[in-house]
Amino acid sequence: MGHVTHTDRRTVLRAATALVAATACTPTRPADRPTTPAPPPPSPHRVPARQTHLTHGPRGTGRVALTFHGNGDPRTAEAILDTADEHGAHITVLAVGTWLDANPRLARRVLDAGHDLGNHTQHHLDINALPEAEARAEITACARRLKRLTGSIGTWFRPSRAARASPLVARLAREAGYPQVLSYDVDPLDFTDPGPAVLTRTLTADIRPGSIVSLHFGYPDTVAALPAVLDDLHRRGLTAVTTTELFT
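Residues numbered from 1 in each chain as written. Predicted model: local features only at pLDDT ≥ 70, side-chain atom pairs only at ≥ 80, totals over all residues. Heavy atoms only, no water.

Caption draft 1: Geometry of the packing of helix H2 (residues 74-87) against helix H8 (residues 220-235). One can describe the packing of H2 onto H8 by two numbers: an axis separation of 10 Å at closest approach and a directional angle of 15 degrees. By the angle between their axes, H2 is roughly parallel relative to H8. The chirality of how H2 crosses H8 is right-handed. For the pair H2 and H8, contact is made by Thr-76, Ala-79, Ile-80, Thr-83 and His-87 and by Thr-222, Val-223, Leu-226, Pro-227, Leu-230 and Asp-231, respectively. For the contact of H2 with H8, the residue count by class is 6 nonpolar, 4 polar and 1 charged. (Axes fitted to C-alpha atoms, helices over the stretch in contact; angles between N-to-C directions. Helix = DSSP H or I, 4+ residues; strand = E, 2+ residues; numbered from the N terminus. Parallel < 35°, antiparallel > 145°, perpendicular 65-115°, else oblique. Left-handed = near helix turned anticlockwise from the far one by under 90°. Contact = heavy atoms within 4.5 Å. Nonpolar A, V, L, I, M, F, W, Y, C, P; charged D, E, K, R; others polar.)

As structure tokens, this is what we get:
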């Protein structure tokens, strides 16, 4: 065994001290940190009732559901989502598949803000007038888009260009995984560009507890009217919730 000098001992001690300090300062690897699992994607919701079409929710609560057909200029969608966030409101978006293809990030934004996201067919055709194979393809193609983007086929199905689904379309929707068809009891026809003031008056007059309201992305009048409508709901003690929350 070789002779260890005083200088060698000091060198060894300095090296050992540096090693201990470096070990203490080594950050915890991400893999060592506890992780919070992501919430499961929302699945189709079923209301415990026998009706095929859901036109409104319980009338005895202070809740209403504002539903928006997801199509058109994405800037109007962003503006409506911003307004909902500012007012603490939740909404339901029934998205057209081709719109999702063009604006995939909006699907994630809708869900991350706590809103519902559902199926409004792939191409927004008159689905009740289509042959069975084509109607099925319209439903399943949009469901696949939703599944790819979010991990779920969405919470609700609404037929395109119709308030109610034909018996055939309702059956095809069930086969695709949507137990019930989401309809509505308030339709202010915002897609006809009635003007913000008219639209606001119609909505404030027609909405009552439990209402499901049909609205649309893509129309400036809807963007302009929404803040006043949400303020009116608040004054009346009504809360805008997702359709899932309406039936919970």
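Caption draft 2: View of helix H5 (residues 132-150). Along its 19 residues, H5 runs 27 Å from first to last C-alpha, staying within 8% of the 27 Å computed at 1.5 Å per residue. If you check which residues of H5 are buried, you get Ala-135, Glu-138, Ile-139, Ala-141, Cys-142, Ala-143, Arg-145, Leu-146 and Thr-150. Immediately downstream of H5, the backbone of Gly-151 shows phi near 90 degrees, a positive value. (Expected span 1.5 Å × (residues − 1). Buried < 20%, exposed > 50% of the residue type's maximum accessible area, 1.4 Å probe, protein only.)

Caption draft 3: Highlighting the nonpolar core. Among the nonpolar cores identified, the biggest contains 49 residues, and Leu-66 and Ile-207 are the most heavily contacted of them. Non-local contacts of Leu-66, meaning those with residues more than four positions away in its chain, are made with Ile-91, Thr-92, Ile-207, Val-213, Leu-226, Leu-230, Ala-240 and Val-241. Counting 11 residues, the second-largest nonpolar core is a separate cluster that includes Val-47, Trp-156, Leu-182 and Ile-212. (Core = buried A, V, L, I, M, F, W, Y, C linked by side-chain atoms within 4.5 Å.)

Caption draft 4: Inspection of the pattern of salt bridges at higher detail. For the structure on display, the rule yields 15 salt bridges. With a shortest N-O distance of 3.5 Å, Arg-136 and Glu-175 are connected by a salt bridge. Of this pair, Arg-136 sits in helix H5 while Glu-175 sits in helix H6 (residues 167-176), and the two are 39 residues apart along the sequence. Classification of Arg-136 by relative accessible area gives partly exposed; the value is 32%. With a shortest N-O distance of 2.8 Å, Arg-171 and Glu-175 are connected by a salt bridge. Remark: Glu-175 and Arg-171 occur in helix H6; sequence separation between them is 4 residues, near one turn of the helix. (Salt bridge = Lys/Arg side-chain N within 4 Å of Asp/Glu carboxyl O.)

Caption draft 5: Structural view of the packing of H5 against H6. Their axes nearest at 10 Å, the elements H5 and H6 cross at an angle of 45 degrees. Taken together, H5 and H6 sit at an angle that is classed as oblique. The handedness of the crossing between H5 and H6 comes out as right-handed. Contacts from Glu-132, Ala-135, Arg-136, Ile-139 and Thr-140 of H5 reach H6 at Leu-168, Val-169, Arg-171, Leu-172, Ala-173, Glu-175 and Ala-176. Here the contact of H5 with H6 is composed, by residue class, of 7 nonpolar, 1 polar and 4 charged.

Caption draft 6: The pairing of strand E6 (residues 212-216), seen in detail. Of all 5 residues that make up E6, 5 are buried, and the element is covered over most of its length. Across the two faces of E6 the burial is the same, with Ile-212, Ser-214 and His-216 and Val-213 and Leu-215 all buried. By the bridge criterion, 5 bridges tie strand E2 (residues 63-70) to E6 in an arrangement that is parallel. Note on E6: the bridge partner recorded for Leu-66 is Val-213. (Pairing = 2+ DSSP bridges.)

Caption draft 7: Local environment of the environment of Arg-105. Looking at where Arg-105 falls in the secondary structure, it is placed in helix H4 (residues 104-112). The class of Arg-105 is exposed, set by a relative accessible area of 56%. The sequence separation of Arg-105 and Leu-149 amounts to 44 residues, and the corresponding C-alpha distance is 8.5 Å. Looking at Arg-105, its side chain comes within polar contact range of the side chain of Glu-78, at 2.6 Å. (Polar contact = N/O pair within 3.5 Å; in protein donor to acceptor, adjacent residues only side chain to side chain.)

Caption draft 8: Highlighting the layout of surface pockets. A volume near 270 Å³ is recorded for the largest pocket. Every residue lining the largest pocket is counted, 17 residues in all, and those nearest its centre are His-69, His-124, Phe-191, His-216 and Tyr-219. Split by residue class, the lining of the largest pocket holds 6 nonpolar, 9 polar and 2 charged. (1 Å grid on protein atoms, 1.4 Å probe; cavity = no way out; pocket = protein on both sides within 12 Å on 5 of 7 lines; lining within 4 Å. Points joined across faces, edges and corners; volume = space filled by probe spheres on them.)

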